[in-house]
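# Architecture at a glance
Residues per chain are reported as follows:
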Amino acid sequence: MNELKRLEAQRDDEIEIDLGEIFHLLLNKLWVIILCFIVGGVIGFAGTKILVTPQYSASSMIYILPKTRSVTSLADIKMGSKLTSDFGILAKSRPVIEEVNKNLKLDYSYEQLASMVQATNQSDTRILRFTVTDTDPIEAKKIANELANVAAERVAYVMSSDKPKIVEEAAVPKSPSSPNTKKNASVVALVFAFAAAAIIAVSY
């Protein structure tokens, strides 16, 4: 039993020594890891810039009105907020998307244009936001604004109420919403650095 304990202790000491040597080895080869980190960052940055097409997002907002011009109770407010979520789905319906496509003379299928559109409703509000993502910032703005107009008309028709008000028109986005060049470069840099450290350790 004592011999077994002695062997286990010896094995633990050997493991600690090996880990210590690996640590010092990595420390001595730190310049290699840093170099790989820099190379990885440059590759990630260049690859993102060259291979990934920038996407631009433009947003417009409409305010959903209740059936009557005045809100007289808390129940009316809650009902208006609940309906806004329903109309977020309505805004991406085929009639709305196809009319936007037709009005702007675009060459997208229903599926293509619908995939570019995101309709969101902030909790406990009757404001509906349309976000359109496109490779062309000007086209993203045009689609977002036209979508707001067409969706407002459709909402008024379905709800038999006043046409929702345009709260905010979309503007031409000045910078892409994706890809995140800095994030991609950082991830690739870390992968290269980790791979270098792993190769050094495995070789040892």
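Here we come to the overall build of the protein. On a plain count of helices and strands, the protein comes out with 7 helices and 4 strands. Overall, the protein shows an N-to-C arrangement of helices and strands of α-α-β-α-α-α-β-β-α-β-α. The buried share among the 204 residues of the protein stands at 30%. A fraction of 76% describes how many contacts in the protein between residues 6 or more apart in sequence connect residues 24 or more apart. With the model as given, the accessible surface of the protein reaches about 13,300 Å², and the carbon-plus-sulfur share is 60%.

Bringing the side chain of Ser59 into the picture now. Assignment of secondary structure puts Ser59 in strand β1 (residues 56-63). One polar contact links Ser59 to Thr131, side chain to side chain, over a distance of 2.9 Å. In this structure Ser59 touches Arg129, Phe130, Thr131, Glu168, Glu169 and Ala170, once residues within four positions along its chain are discounted.

Right, let's get into the packing of helix α2 (residues 30-51) against helix α7 (residues 181-203). One way to put it is that α2 packs onto α7 with a least axis distance of 7 Å and a crossing angle of 145 degrees. In this structure, α2 meets α7 at a crossing whose hand is right-handed. Of the residues in α7, those in contact with Val32, Ile33, Cys36, Phe37, Val39, Gly40, Gly41, Ile43, Gly44, Phe45, Thr48 and Lys49 of α2 are Thr181, Asn184, Ala185, Val188, Ala189, Leu190, Phe192, Ala193, Ala196, Ala197 and Ile200.

Evaluation of the coordinates by the stated rule reveals 0 aromatic pairs. Looking at Arg94, its charged tip hangs above the ring of Tyr110, at a distance of 4.2 Å from the centre.

With respect to topology, 4 strands assemble into an open sheet ordered β2-β3-β1-β4, the strand pairing being antiparallel. With partners counted over all chains shown, the strands left at the sheet margins are β2 (117-121) and β4 (165-168), one partner each. With direction set aside, neighbouring strand axes in the sheet form an average angle of 30 degrees. Summarising the sheet, β2 and strand β3 (residues 127-134) pair through 5 bridges and their orientation is antiparallel. The residue bridging Gln118 from the neighbouring strand is Thr131, located in β3.

Moving on, we get to unusual backbone geometry. Generally, phi is negative for residues other than glycine and the peptide bonds are trans, each holding for most cases. Here Lys105, not a glycine, exhibits a phi torsion of approximately 55 degrees, which is positive. Mapped onto the elements, Lys105 comes out in the loop between α4 (94-103) and α5 (110-115).

Time to look at the pattern of salt bridges. Taken as a whole, this structure holds 3 salt bridges when the rule is applied. Glu98 is paired through a salt bridge with Arg94; the nearest N and O atoms lie 3.2 Å apart. Taken as a pair, Glu98 and Arg94 lie in helix α4 at a separation of 4 residues, close to a single helical turn. You can call Glu98 partly exposed: its relative accessible area is 40%.

Below, the discussion takes up the pairing of β1. By the criterion of burial, β1 is predominantly enclosed, with 6 of the 8 residues buried. Relative to β3, β1 is paired through 8 bridges, and the arrangement is antiparallel. Residue pairing for β3: Ser59 is matched across the bridge by Thr131. Relative to β4, β1 runs antiparallel, the two sharing 3 bridges.

Within the largest apolar cluster, 27 residues are counted, with the highest numbers of intra-cluster contacts made by Phe87, Leu113, Phe130, Ile143 and Leu147. Only β1, α3 (74-90), α4, α5, β3 and α6 (137-159) provide two or more residues apiece to this core. Looking at this core, the element that brings in the most residues is α6, giving 9 residues. Contacts of Ile143, omitting those with residues within four sequence positions, involve Val100, Leu104, Leu106, Leu113, Met116, Val132 and Asp134.

There is a patch of nonpolar side chains on the surface, built from Phe23, Leu27, Leu30, Ile34, Phe37, Ile38, Val42 and Leu190 and spanning about 760 Å² of accessible area. Only α1 (2-28) and α2 provide two or more residues apiece to the nonpolar patch. Considering every element that reaches the nonpolar patch, the biggest residue donor is α2, with 5 residues. Inspection of the secondary structure puts Leu30 in helix α2. Look at Leu30 and you get partly exposed, because its relative accessible area is 39%.

What counts, and where the lines are drawn
- Residues numbered from 1 in each chain as written.
- Predicted model: local features only at pLDDT ≥ 70, side-chain atom pairs only at ≥ 80, totals over all residues.
- Heavy atoms only, no water.
- Helix = DSSP H or I, 4+ residues; strand = E, 2+ residues; numbered from the N terminus.
- Buried < 20%, exposed > 50% of the residue type's maximum accessible area, 1.4 Å probe, protein only.
- Contact = heavy atoms within 4.5 Å.
- Areas by Shrake-Rupley, 256 points an atom, 1.4 Å probe, with all protein chains shown as cover.
- Polar contact = N/O pair within 3.5 Å; in protein donor to acceptor, adjacent residues only side chain to side chain.
- Axes fitted to C-alpha atoms, helices over the stretch in contact; angles between N-to-C directions.
- Left-handed = near helix turned anticlockwise from the far one by under 90°.
- Phe/Tyr/Trp six-rings, centres within 6.5 Å; stacked < 30°, edge-to-face > 60°.
- Lys NZ or Arg CZ within 6 Å of the ring centre and 35° of its normal.
- Pairing = 2+ DSSP bridges.
- Salt bridge = Lys/Arg side-chain N within 4 Å of Asp/Glu carboxyl O.
- Core = buried A, V, L, I, M, F, W, Y, C linked by side-chain atoms within 4.5 Å.
- Patch = residues over 30% accessible without salt bridge, like charges linked within 9 Å, V, L, I, M, F, W, Y side chains within 5 Å.

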